[in-house]
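Okay, here's what each chain looks like letter by letter:
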Amino acid sequence: MRSFAPWVLSLVGAAAVASAADANADAKSDVVSLTKDTFTNFVKEHDLVLAEFFAPWCGHCKALAPKYEEAATELKGKNIPLVKIDCTAEEDLCRDYGVEGYPTMKIFRGPDSTKPYMGARQAESIVSYMIKQSLPAVSTVSEANLEEIKTMDKIVVIGYFDENDKSSNQAFTTFAEAHRDHYLFAAASDPAIAKAEGVKQPSVVLYKDFDEKKAVYTGELEQDVLLNWVKTTSTPLVGEIGPETYSDYITSGIPLAYIFAETKEEREKFVEEFKPVAEKHRGSINIATIDAKMFGAHAGNLNLDPQKFPAFAIQDPVKHAKYPYDQEKELKAKDVGKFIQEVLEGKVEPSIKSEPVPETQEGPVTVVVARSYKDIVLDDEKDVLIEYYAPWCGHCKALAPKYDELASLYADGLSSKVTIAKIDATANDVPEPITGFPTIKLFPAGAKDSPVEYLGTRSVDDLANFVKENGKHQADAYAPKETKPEGGDEAASSEAPAASGDDHDEL
């Protein structure tokens, strides 16, 4: 399975607004422009500041600009300023704060207290995130502010504990401090408030602006258990997959079911139809719609026909497995619900995208496909160096002759210890997370669960040294090899010439 990183980037790229206003264009902007001369004093004068380090030519910065402006206007009234620093003009300031890419967003509580902004790059998300940062980890609830706090964010978690219940209060505060970046927390000690909300002390209530609006937890305040409950109950029964939600879905630890549909009306219809199915399997699988017009190409990554919608598929990131639903069938919630049940019960074999297994291996590099991956790459007797490539990748094409040369070094005498292989990661499902091409990894004999990624220069010498230093067999591709001279004389050894690093261009 491909890692989610390229998919997230493609979502973001597709959703970016290329014609967004330049970050410096609006003279009436509520975003404050700072320089090295003004930055320190400004952050000293404000308790909480969100800073964007940008470059005027950066496309992602241009896409962020109107959203950042909208958030700045809304947060201005809450005395949470949003600022921006042009790193092309303020190189020293940006370097001082470790800026390596654009846009970089950081939260400041004074010039010496900073942490990265971890929220989404949407106005609503920025506002929500910064409001959480401005509040204490646990806000105090009273009869007067209860309704206001319940609606301060899309997700609000309120603990109802007796003021003398020190254990519950401490456990809840610890939990809130650990997860305040993602959720807004508050607590009420007055039993009258709990009674008015229809709950008993001790309990935790999650308020949300969707689905059933409210969920109650009365179990033990064990940190992992509580987190799992909050994550599950704060996820919409049938949500929507997009640039801002995909990462959370794919890292949730449970399978993700996609409903591809081309129109908003279709997606809304599927949301209602699939809610009972989602409720039945809540906590076991997430179900979400996805805009097939904008992100339909992702259907191909799930082994679906990316030209035929509506469509349905399940992805299990933990098991690196995909389960496409028959696209010849109509998407009926009842039938798809049975399919989901069978997948969760292990009764459905995962779909594997694979090229045909080569009948013969031509050339020094062993060609691997999905259906031969286990037999070749996970051969526990051999050190296997494998390149994950894409046919269209220019760097992969440049590496090809060097990689052939490398493989030739092991063809005689070392083939029983080392395999140099490659796989087209666009035409075959692979179990490793691949974030770019080419990716090269060594699977040492006896340690197939611990592959080592190659990050050095792509020269024959360096690759051969990598295999020697990290492989179990420590095979030396340049060690003297025995040869038999003509005429039946005793075998004489001759040392293979060491390849010069100067002979191989670094990519």
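Up top is the structure.
Since the model is a prediction, treat every value here as computed from it, not as a measurement.

Draft legend 1. Local environment of the sheet that holds strand E20 (residues 452-453). Pairing within the open sheet is mixed, and its five strands lie in the order E16-E18-E17-E19-E20. At either margin of the open sheet sits one strand with a lone partner, and together these are strand E16 (366-367) and E20. Inspection of the sheet shows strand E19 (residues 439-443) paired to E20 by two bridges, in the antiparallel sense. Counterpart to Leu-442 in the pairing with E20 is Val-452. Running at roughly 160° to strand E17 (residues 383-389), helix H16 (residues 394-409) makes contact with E17, strand E18 (418-424) and E19 of the sheet. Helix H17 (residues 460-470) rests against E17, E18, E19 and E20 of the sheet, and its axis sits at about 30° to E19.

Draft legend 2. Fine view of the pattern of salt bridges. The final tally for this structure, using the stated rule, is 21 salt bridges. In this structure, Lys-150 and Glu-147 form a salt bridge, with 3.2 Å as the shortest nitrogen-oxygen distance. Here the residue Lys-150 and the residue Glu-147 both occupy positions in helix H6 (residues 146-150), the gap between them amounting to three residues, near one helical turn. Members of the salt-bridge network, linked through shared partners, are Lys-36, Glu-91, Asp-92 and Arg-95.

Draft legend 3. Seen up close, the nonpolar core. Counting residues in hydrophobic clusters, the biggest one holds 23 residues, and the most contacted among them are Phe-274, Ile-287, Phe-312, Ile-314 and Ile-340. If sequence neighbours within four positions are ignored, Phe-274 has contacts with Val-238, Ile-259, Phe-312, Ala-333 and Val-336. Among the nonpolar cores identified, the runner-up in size contains 22 residues, and Val-365, Leu-399, Tyr-403 and Ile-440 belong to it.

Draft legend 4. Quick look at helix H11 (residues 264-280). For H11, built from 17 residues, the straight-helix expectation of 24 Å at 1.5 Å per residue is met to within 8% by its first-to-last C-alpha distance of 25 Å. Largest kink in H11: about 45°, centred on Phe-274, with the proline Pro-276 one to four residues after it. Each element contacted by the buried residues of H11 is listed here: strand E11 (238-241), strand E12 (256-261), strand E13 (286-291), strand E14 (311-316) and helix H14 (333-344).

Draft legend 5. Quick look at the packing of aromatic side chains. Inspection of the entire model under this criterion finds 21 aromatic pairs. An angle of 90° between the planes, with centres 5.0 Å apart, marks the rings of Tyr-97 and Phe-108 as edge-to-face. Remark: Phe-108 occurs in strand E4 (residues 104-108) and Tyr-97 occurs in the loop between helix H4 (91-96) and E4; sequence separation between them is eleven residues. Like Tyr-97, the residue Phe-108 is buried in the burial classification. Through a chain of ring-to-ring contacts, the aromatic side chains of Phe-161, Phe-172, Phe-175, Tyr-183 and Phe-185 assemble into a single cluster.

Draft legend 6. Representation of H17 within the structure. Where H17 is concerned, the buried positions are Val-460, Asp-461, Leu-463, Ala-464, Phe-466 and Val-467. Buried residues in H17 make contact with E17, H16, E18, E19 and E20.

Draft legend 7. Representation of the state of the cysteines within the structure. Taken as a whole and judged by the stated rule, the model has one disulfide. With a sulfur-sulfur separation of 2.1 Å, Cys-87 is cross-linked through a disulfide to Cys-94. Its S-S torsion of about -90° marks the bond between Cys-87 and Cys-94 as left-handed, since a negative value means left-handed. The pair Cys-87 / Cys-94 is uniform in exposure class, with both members buried.

Draft legend 8. Just the packing of helix H3 (residues 59-76) against helix H5 (residues 123-134), in detail. Contact geometry for H3 and H5: axes closest at 8 Å, N-to-C directions at 40°. Classified by the interaxial angle, the pair formed by H3 and H5 is oblique. When the axes of H3 and H5 are compared, the crossing they make is right-handed. Within the contact between the two elements, H3 uses Leu-64, Lys-67, Tyr-68, Glu-70, Ala-71, Glu-74 and Leu-75 and H5 uses Ala-123, Ile-126, Val-127, Met-130 and Ile-131. In terms of residue class, the contact of H3 with H5 is built from nine nonpolar, no polar and three charged.

Draft legend 9. Quick peek at the pairing of strand E7 (residues 155-160). Where burial is concerned, most of E7 is hidden: six out of the six residues are buried. Of the two faces of E7, the one lined by Ile-155, Val-157 and Gly-159 and the one lined by Val-156, Ile-158 and Tyr-160 are each fully buried. Pairing between E7 and strand E9 (residues 203-208): six bridges, direction antiparallel. Pairing of Val-157 across the sheet is with Leu-206, part of E9. For E7 and strand E8 (residues 184-188), the ladder comprises five bridges, and the chain directions are parallel. When the sheet's bridge partners are listed, Gly-159 is paired in E8 with Ala-187.

Here is what the cut-offs are and how they apply
Residues numbered from 1 in each chain as written. Predicted model: local features only at pLDDT ≥ 70, side-chain atom pairs only at ≥ 80, totals over all residues. Heavy atoms only, no water. Pairing = 2+ DSSP bridges. Helix = DSSP H or I, 4+ residues; strand = E, 2+ residues; numbered from the N terminus. Contact = heavy atoms within 4.5 Å. Axes fitted to C-alpha atoms, helices over the stretch in contact; angles between N-to-C directions. Salt bridge = Lys/Arg side-chain N within 4 Å of Asp/Glu carboxyl O. Core = buried A, V, L, I, M, F, W, Y, C linked by side-chain atoms within 4.5 Å. Buried < 20%, exposed > 50% of the residue type's maximum accessible area, 1.4 Å probe, protein only. Expected span 1.5 Å × (residues − 1). Bend = angle between axes of the 7 residues up to and from the residue. Phe/Tyr/Trp six-rings, centres within 6.5 Å; stacked < 30°, edge-to-face > 60°. Disulfide = S-S within 2.5 Å. Parallel < 35°, antiparallel > 145°, perpendicular 65-115°, else oblique. Left-handed = near helix turned anticlockwise from the far one by under 90°. Nonpolar A, V, L, I, M, F, W, Y, C, P; charged D, E, K, R; others polar.

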